[in-house]
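Fold and geometry: a report
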Amino acid sequence: MVLLPFVMLLCILGTQATVDFRNAAAMAAGLCNTKPTDLVFIIDSSRSVRPSEFEQVKVFLNKVIEGLDVGPDATRVGVVNYASRVKNEISLKSHKMKAGLIKAVSKIEPLSSGTMTGLAIQFAMNVAFSEAEGARVKSPDISKVAIIVTDGRPQDNVRDIAVKARESGIEIFAIGVGRVDMNTLKQMASEPLEEHTDYVESYSLIEKLTKKFQEAFCVSDLCATGDHDCEHICISVPGSFKCACREGHTLKADGRTCSACGDVATDVVFLIDGSKSVRPENFELVKKFINQIVDKLDVSERGTHVGLVQYSSSVKQEFPLGRYNTKKDVKDAVKKMDYMERGTMTGQALRFLLDNSFTPSQGSRPGAAKVGIVFTDGRSQDYIGDAAKKAKENGFNMYAVGVGNAVEDELKEIASEPIADHYFYTADFKTMNQIAKKLQINTCPAEDPCECDSITKFQKKVEEALQALTKKLEGVTKRIAALENKIV
């Protein structure tokens, strides 16, 4: 009999890690083409933008353009320059070749006056995106995209005109620099805001956004480029992808992750460092990071409940488990979280998690899996050891995420086993999105690997029964043969 060794082999294979489909070199290998797009850059050249900074904006534009498939039937590019007035520097119909377009961008001069951003959006909608200026007839196959770059507070209203522009079919990306008004960016940008708003501290850093905008227009084989969140299998479809699971697993409601143990009610609490070392602009990135993870959860009344706690020198519960039962409501509440600043009392925050967050009075459900996700960017100012240990002893599945000056030994002390699946670190806040893609919350109840022990016992019983039955059959066969001999 070979059944038992075969079952043991299945158990061993079942413990192997999942395959990582991401291939960072796919983009460079030419696996990504750009969807036909009418793209208009709207660039602020008010007096607050120095000449050297305006040159850096033009370099950014040209680097984005270099990654596009420019042509009459592919991507058409226009540039609107604004300050107190608006100037249509390059029409969508002006250049059919990339080289000429890049040269024209390099020649643009700043206007150096006020900041009439609303007027610029109005101009782009009525003029730059008009058929007379080279825009194509509205079609599901043609994208209309505006990328706004600004460093100040507008002197006119942008909310209403931005709404009209978006309703007309224009997808708006808003890039803020330096002392830009963040509320203005949010008023201009399309939803989801975390994908359509970006902030850099200075114009010297704007080139870092180049790759994002090159990839934003990529519509071909997203599975090959690795631009997906599928846990197991990515299946390419035109301009998009869908996820599937390996045999024996089912696709969860998020459409990305897989389960081998069915749907499990889960209580997830985020424990977020809001100390002064994080800084306001990075705190916005932290909120985006949280919402990326929320997007992957089955947030519902019976599925996953989410709670949020912020800590610094004190601890503040932003909202308890069960208050919100849809992803949208959770994400909206995360976006409204105010930055606390001050110190880094991670130990105190962990004790709050133990004593409050996962209690019935705070919405935790009996029998639900308990998951804690701790984020920090620095060394704790108090002792974390006892609380971290007790959290795991209580059966909490603890994930630790560190950025910048976070102490890796502390993160590992917080993380559940296996640590490699529960501990993450990056040096830069801007790369936290990569952690969000990798972090997979596992809520399957603990059991013997592959249930090998129980399967093995069962197979032994089957083998013993088969052997006994075989002996009985052999005995019956002999008796029949003996009777046949007597009859003959």
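The coordinates are above.
What this report covers is the structure whose coordinates are included nearby. The residue numbering used here restarts from 1 in each chain and proceeds along that chain's sequence as written. The model is predicted, so local features are restricted to residues of pLDDT at least 70 and side-chain atom pairs to those at 80 or more, both for listing and for counting; the totals for chains, interfaces and linings are taken over all residues. Water and hydrogen atoms play no part in the side-chain values, which are based on all heavy atoms of the structure.

**Overview of the packing of helix H4 (residues 117-128) against helix H5 (residues 159-167)**
For the record, the criterion: Note on geometry: axes are lines fitted to C-alpha atoms, helical ones only across the stretch in contact, with angles between N-to-C directions running from 0 to 180 degrees. By definition, any uninterrupted DSSP run of H or I lasting at least four residues is a helix, any uninterrupted run of E lasting at least two residues is a strand, and each is numbered from the N terminus. Any angle that is under 35 degrees is reported as roughly parallel, and any over 145 degrees as roughly antiparallel; angles of 65 to 115 degrees are reported as roughly perpendicular and all others as oblique. In this scheme the crossing of two helices becomes right-handed for a clockwise turn of the near helix relative to the far one and left-handed for an anticlockwise turn of less than a right angle. Every residue pair with non-hydrogen atoms within 4.5 Å of one another is taken to be in contact. Each residue is assigned to one class: nonpolar for Ala, Val, Leu, Ile, Met, Phe, Trp, Tyr, Cys and Pro, charged for Asp, Glu, Lys and Arg, and polar for all the others, Gly among them.
Two elements in contact, H4 and H5, have axes whose closest approach is 9 Å; the angle formed by their N-to-C orientations is 20°. Regarding the angle of H4 to H5, the classification is roughly parallel. Every pair of crossing elements has a handedness; the one defined by H4 and H5 is left-handed. Contacts between H4 and H5 involve Gly-118, Ile-121, Gln-122 and Met-125 from the former and Ile-161, Ala-162, Lys-164 and Ala-165 from the latter. Here the residues of the contact of H4 with H5 are counted per class, giving five nonpolar, two polar and one charged.

**Thoughts on empty space enclosed by the protein**
To keep things clear, this is the line we draw: For each structure, a 1 Å grid was placed over the protein atoms alone; sets of points admitting a 1.4 Å probe that cannot get out are labelled cavities, open sets with protein on both sides within 12 Å along at least five of seven lines are labelled pockets, and lining residues have an atom within 4 Å of a point. Grid points are joined across faces, edges and corners, and a volume is the space filled by probe spheres set on the points.
A complete count under the given rule lists two cavities of 30 Å³ or more for this structure. Estimated volume of the second largest cavity: approximately 30 Å³. Surrounding the second largest cavity, Ile-42, Ile-121, Ala-124, Met-125, Phe-129, Ala-146, Ala-165, Ile-170 and Ile-172 form its lining. When residues of the lining of the second largest cavity are traced back to their parent elements, those giving at least two are H4 and strand E5 (170-177). At three residues, the largest contribution of residues to the lining of the second largest cavity is made by H4. Taken together, the residues of the lining of the second largest cavity sort by class into nine nonpolar, no polar and no charged.

**Quick look at the pattern of salt bridges**
Here is the rule: When a carboxyl oxygen of Asp or Glu lies within 4 Å of a side-chain nitrogen of Lys or Arg, that pair is called a salt bridge. For every residue, the accessible area (1.4 Å probe, protein chains only) is compared with the maximum for its type, and the residue is labelled buried under 20%, exposed over 50%, or partly exposed between those bounds.
Taken as a whole and judged by the stated rule, the model has 18 salt bridges. With a shortest N-O distance of 4.0 Å, Lys-316 and Glu-318 are connected by a salt bridge. The partly exposed category is assigned to Lys-316, whose relative accessible area is 39%. Here the salt bridges share partners, and the residues they tie into one network are Glu-194, Asp-295, Lys-331 and Lys-335.

**Looking at the packing of aromatic side chains**
To keep it simple, the criterion reads: Geometry of aromatic contacts follows a simple scheme: Phe, Tyr and Trp rings, the Trp one being its six-membered ring, pair when their centres are within 6.5 Å, and the pair is stacked under 30 degrees between planes, edge-to-face over 60, tilted otherwise.
If you walk through the whole model with that rule in mind, you get seven aromatic pairs. Through successive ring pairs, a cluster of aromatic residues spans Phe-60, Phe-173 and Phe-213.

**Focus on the sheet that holds strand E14 (residues 369-376)**
What counts here: Here a strand pair is declared whenever DSSP counts at least two bridges between the two strands.
The sheet built from six strands is open, its strands ordered E13-E12-E11-E14-E15-E16 with mixed pairing. Only two strands of the sheet have a single neighbouring strand rather than two, namely strand E13 (315-319) and strand E16 (423-426). Across the sheet, the axes of successive neighbouring strands diverge by a mean angle of 20°, strand direction being ignored. Relative to strand E12 (residues 304-311), strand E11 (residues 266-273) runs parallel, the two being bridged by eight bridges. Counterpart to Asp-273 in the pairing with E12 is Tyr-311.

**Remarks on helix H11 (residues 327-335)**
The line we're drawing: The arc in question is the one spanned by the directions pointing from the helix axis to the C-beta atoms.
Within the sequence span of H11, burial applies to Val-330, Lys-331, Ala-333 and Val-334. Taken end-on, H11 shows its buried residues confined to a sector of 160°, consistent with a single buried face. Tucked into the core, H11 has its buried residues touching helix H7 (193-196), helix H10 (280-295), E12 and E13.

**Digging into the nonpolar core**
Spelled out, the test is: Working definition of a nonpolar core: buried Ala, Val, Leu, Ile, Met, Phe, Trp, Tyr and Cys residues. They are joined through side-chain atoms within 4.5 Å.
Within the largest apolar cluster, 33 residues are counted, with the highest numbers of intra-cluster contacts made by Phe-270, Ile-290 and Ile-441. Considering every element that reaches this core, the biggest residue donor is H10, with six residues. Beyond its immediate chain neighbours, meaning those up to four positions away, Ile-290 contacts Phe-270, Ile-272, Leu-308, Val-334 and Met-337. Within the second largest apolar cluster, 31 residues are counted, among which are Val-57, Ile-147, Val-177 and Ile-206.

**Focus on the packing of H10 against H11**
Remark: H10 packs on H11, axes separated minimally by 9 Å, with the N-to-C direction vectors making an angle of 170°. Our classification of the angle between H10 and H11 gives roughly antiparallel. For the pair H10 and H11, contact is made by Lys-287, Ile-290, Asn-291, Val-294 and Asp-295 and by Lys-327, Val-330, Lys-331, Val-334 and Lys-335, respectively. Within the contact of H10 with H11, the residues separate by chemical class into four nonpolar, one polar and five charged.

**As for the pairing of strand E15 (residues 397-403)**
For the record, the criterion: With strands facing away from the observer, any crossover in which the path from the first strand over the helix to the second runs clockwise is taken as right-handed.
Across the seven residues that make up E15, a large majority, seven, are buried. Neither face of E15 is open: one carries Asn-397, Tyr-399, Val-401 and Val-403, the other Met-398, Ala-400 and Gly-402, and all of them are buried. The pairing of E14 with E15 spans six bridges and is classified as parallel. Pairing of Thr-376 across the sheet is with Gly-402, part of E15. The parallel pair E14 and E15, bridged by helix H13 (residues 385-393), forms a crossover whose chirality is right-handed. Inspection of the sheet shows E15 paired to E16 by four bridges, in the parallel sense. The residue bridging Val-401 from the neighbouring strand is Phe-424, located in E16.

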